[in-house]
Amino acid sequence: MKQFKNEHESEAHQIFREQAGHKARGGLVPQTTNPDEETVPGIEHPGSTGVIYCSDRAMANGFSYASSHEWSNLGQGAPEVGDFPGAPPRLTSIPLPTDSLEYAPTTGVKDLREAVAHLYNTTYRQGKRSQYTYENVCIVPGGRAGLSRIAAVVGDVYCSYQIPDYTAYDQMLGAFKRLVPVPTSLEAESRYRLDLDQLRKDIRIQGLEVVLMSNPRNPTGQVVRGEELKELVQLSRESGTNLILDEFYSWYIYPENEAEFGQSVSSAEYIDDVNDDSVVIVDGLTKNWRLPGFRVCWVLGPKNLITALSQSGSFLDGGANHPLQLAAIPLLEPEHVHAEKVALQKHFKHKRDHVLKRLARLGLKVSVPPQATFYIWLNLEHLPAPLHNGVTFFEELLKEKCIGVPGIFFDINPLHRRNLFSSPCHHFILLDMGVDAIARVLKRAKKEGMHAFGHSYKKSLGGSGDHI
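In this report, the structure presented in the accompanying data block is examined. Source: prediction; values computed, not measured. (Residues numbered from 1 in each chain as written. Predicted model: local features only at pLDDT ≥ 70, side-chain atom pairs only at ≥ 80, totals over all residues. Heavy atoms only, no water.)

Side note on the overall build of the chain
- Along its length, the chain carries 12 helices and 12 strands.
- Its C-alpha radius of gyration of 22 Å places the chain within 12% of the 23 Å reference for a compact globule of 468 residues.
- Taken over the C-alpha atoms alone, the chain extends approximately 65 × 55 × 50 Å along its principal axes.
- Looking at the chain as a whole, 56% of its 468 residues are labelled buried. (Helix = DSSP H or I, 4+ residues; strand = E, 2+ residues; numbered from the N terminus. Rg over C-alpha atoms; globule rule 2.2 N^0.38 Å. Buried < 20%, exposed > 50% of the residue type's maximum accessible area, 1.4 Å probe, protein only.)

Examining the environment of Lys128
- Examined against the element boundaries, Lys128 turns out to sit in the loop between helix 3 (110-124) and strand 2 (137-140).
- For the pair Lys128 and Arg217, spaced 89 residues apart in sequence, the C-alpha to C-alpha distance is 27 Å.
- Not counting residues up to four positions away in its chain, the partners in contact with Lys128 are Glu269 and Ile271. (Contact = heavy atoms within 4.5 Å.)

Observations concerning the sheet that holds strand 12 (residues 428-431)
- Read from one edge of the open sheet, three strands run 9-12-11, paired in antiparallel fashion. Two strands lie at the open edges of the sheet, namely strand 9 (376-379) and strand 11 (405-406), each paired on one side alone.
- Where strand 11 and strand 12 come together, two bridges link them in antiparallel fashion. Looking across to strand 12, one finds that Val405 is bridged to Leu430. (Pairing = 2+ DSSP bridges.)

A look at the side chain of Ser67
- Here Ser67 shows up in the loop between helix 2 (50-60) and strand 1 (72-73).
- Owing to a relative accessible area of 14%, Ser67 belongs among the buried residues under this scheme.

Quick word on the pattern of salt bridges
- For the coordinates displayed, the defined rule picks out 24 salt bridges.
- With a shortest N-O distance of 3.3 Å, Glu135 and Lys303 are connected by a salt bridge. Of this pair, Glu135 sits in the loop between helix 3 and strand 2 while Lys303 sits in helix 8 (residues 303-316), and the two are 168 residues apart along the sequence.
- Assessed through its relative accessible area of 34%, Glu135 is described here as partly exposed.
- We note a salt bridge from Glu400 to Arg444, for which the minimum N-O separation is 3.3 Å. (Salt bridge = Lys/Arg side-chain N within 4 Å of Asp/Glu carboxyl O.)

Observations concerning the pairing of strand 2
- Burial of strand 2 is two-sided: the residues Val137 and Ile139 facing one way and the residues Cys138 and Val140 facing the other way are all buried.
- In this sheet, strand 8 (residues 297-300) lies alongside strand 2 in antiparallel orientation, the contact comprising four bridges. Directly across from Ile139, in strand 8, lies its bridge partner Trp298.

Some details on the packing of aromatic side chains
- Across all of its chains, the model carries 19 aromatic pairs by this definition.
- Ring geometry for Tyr53 against Phe409: centres 5.4 Å apart, planes inclined by 40°, an arrangement best described as tilted. Linking Tyr53 in helix 2 with Phe409 in the loop between strand 11 and strand 12, this pair joins segments that are 356 residues apart in sequence. For the pair Tyr53 and Phe409, a shared accessibility class is recorded, and that class is buried. (Phe/Tyr/Trp six-rings, centres within 6.5 Å; stacked < 30°, edge-to-face > 60°.)

Quick notes on unusual backbone geometry
- Omega for the bond connecting Ile163 with Pro164 falls within 30 degrees of zero, at 5°, which places this linkage in the cis form.
- When you line up the elements, Pro164 lands in the loop between strand 3 (157-163) and helix 5 (168-175).
- Ala385 connects to Pro386 through a cis peptide bond whose omega is 5°.
- By the secondary structure assignment, Pro386 is in the loop between strand 9 and helix 11 (390-399).

Thoughts on a nonpolar patch on the surface
- Residues Leu91, Ile94, Leu96 and Leu101 make up a contiguous nonpolar surface patch of about 380 Å² in total accessible area.
- Position of Leu91 among the secondary structure elements: in the loop between strand 1 and helix 3. (Patch = residues over 30% accessible without salt bridge, like charges linked within 9 Å, V, L, I, M, F, W, Y side chains within 5 Å. Areas by Shrake-Rupley, 256 points an atom, 1.4 Å probe, with all protein chains shown as cover.)

Observations concerning the packing of helix 11 against helix 12 (residues 436-448)
- Put simply, helix 11 and helix 12 touch, their axes get as near as 9 Å, and they point 100° apart. As summarised for this structure, helix 11 and helix 12 are arranged roughly perpendicular, according to the angle between their axes. Packed against helix 11, whose contacting residues are Phe393, Glu396, Leu397 and Lys399, the element helix 12 presents Ala437, Ile438, Val441, Leu442 and Arg444 at the interface.
- Tallied by class, residues from the contact of helix 11 with helix 12 come to six nonpolar, no polar and three charged. (Axes fitted to C-alpha atoms, helices over the stretch in contact; angles between N-to-C directions. Parallel < 35°, antiparallel > 145°, perpendicular 65-115°, else oblique. Nonpolar A, V, L, I, M, F, W, Y, C, P; charged D, E, K, R; others polar.)

Things to note about the side chain of Ser423
- For Ser423, the location among the structural elements is in the loop between strand 11 and strand 12.
- A distance of 2.8 Å separates the side chain of Ser423 from the side chain of Asp411, its partner in a polar contact. (Polar contact = N/O pair within 3.5 Å; in protein donor to acceptor, adjacent residues only side chain to side chain.)

Observations concerning the sheet that holds strand 5 (residues 210-214)
- The seven strands are arranged 2-8-7-6-5-3-4 in an open sheet whose pairing can be described as mixed. Edge positions in the open sheet fall to strand 2 and strand 4 (179-185), since each of these has one partner strand only. Between one strand and the next, the sheet's axes are offset by a mean angle of 20°, whatever the strand orientation.
- Pairing between strand 3 and strand 5: two bridges, direction parallel. Its bridge partner being in strand 5, Ser160 is matched across the sheet by Val211.

Quick look at the structure:
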């Protein structure tokens, strides 16, 4: 089987490049738009996030939401939304008082903002002088909306981020031109650990004013906690650097000790003064409460930030759904939250352990097992070509009615300058648990040989069977 050395030789990578917004925008003569792609004056495709691209490719292979039960969707980034053992009953209906049919404030319903503040004070700030109030909370219609509101009010600054990290950071850093992205690579050899000494140097030498990261980390499943998280918050305070933490997986922690179930992680525990420390937390009902359809999330930070977010929200998104904000209030009661945490952690820890064992039996040992989140960051490098890269493996999984996410989507590369084969995420694929389809691909490879892979992929989003 021919060893591809460049993305131009790979059919799967060419399909990726043909998506609007995915063409390279650099080279010897950098360009901000592709004249062959942008036919409407003034319009520029930002590029699709990993989930959107993967869903489009799945639909080209016959996926539909009406028949989703026939597929294994390992790439949606969505938790199970139904009942499972020990968890409180799921909401099946909500009241619709007449007042809730009005617009909600762009900062959110006051009672919900108070409930968020109370939950963080109860969980992370007992006994501390400085406490959150509703004025430290802005309710937003989803995590990406919260990040966009933040980006819209950040001035002309250098923004540090890490590779790999959450795919939507790519579009955000590319769309808001005042943020100058400064990447740092996290290495498997150090278990994708954030090097605080190096970050301290980068802040001083490069003049970084914003540090953006997910914690727990999407996609590697690693987490900064305890003294290390305390040191990170302290570094932000001492250096005057704005620390933006995406904490959507803060409950997905997998302890070995039974007594530790129900704990969670947040930088809120280590903040001295909630209005002076420049630490911004983004979280919501999407992952931890397993309610992605609610689109009710929040940004937690200094009061002065919240007033700015109210203004940016007025022209970006207009605010979160009013009735669902009201329905969310009782879900933030600390007793309810604790029951949800314990059930979630036991359920997903069992799933994680089961999947890791099955992958190992298939010869796919995960070199850095996840400590948190519900993802598996799988290195395919040792597989024979062309299955050893995430984009091709993703296309082969689609033939088995399975959706993953190619690792290159976590290579946050706003200008799309990099040859895809040169990406540090080239050999990776992200899995949201589940391995039956992977086993079928490997079995087919063993039976048919490598000549059967890397080609004949459906191109038409209509799923008509057209191939490249």
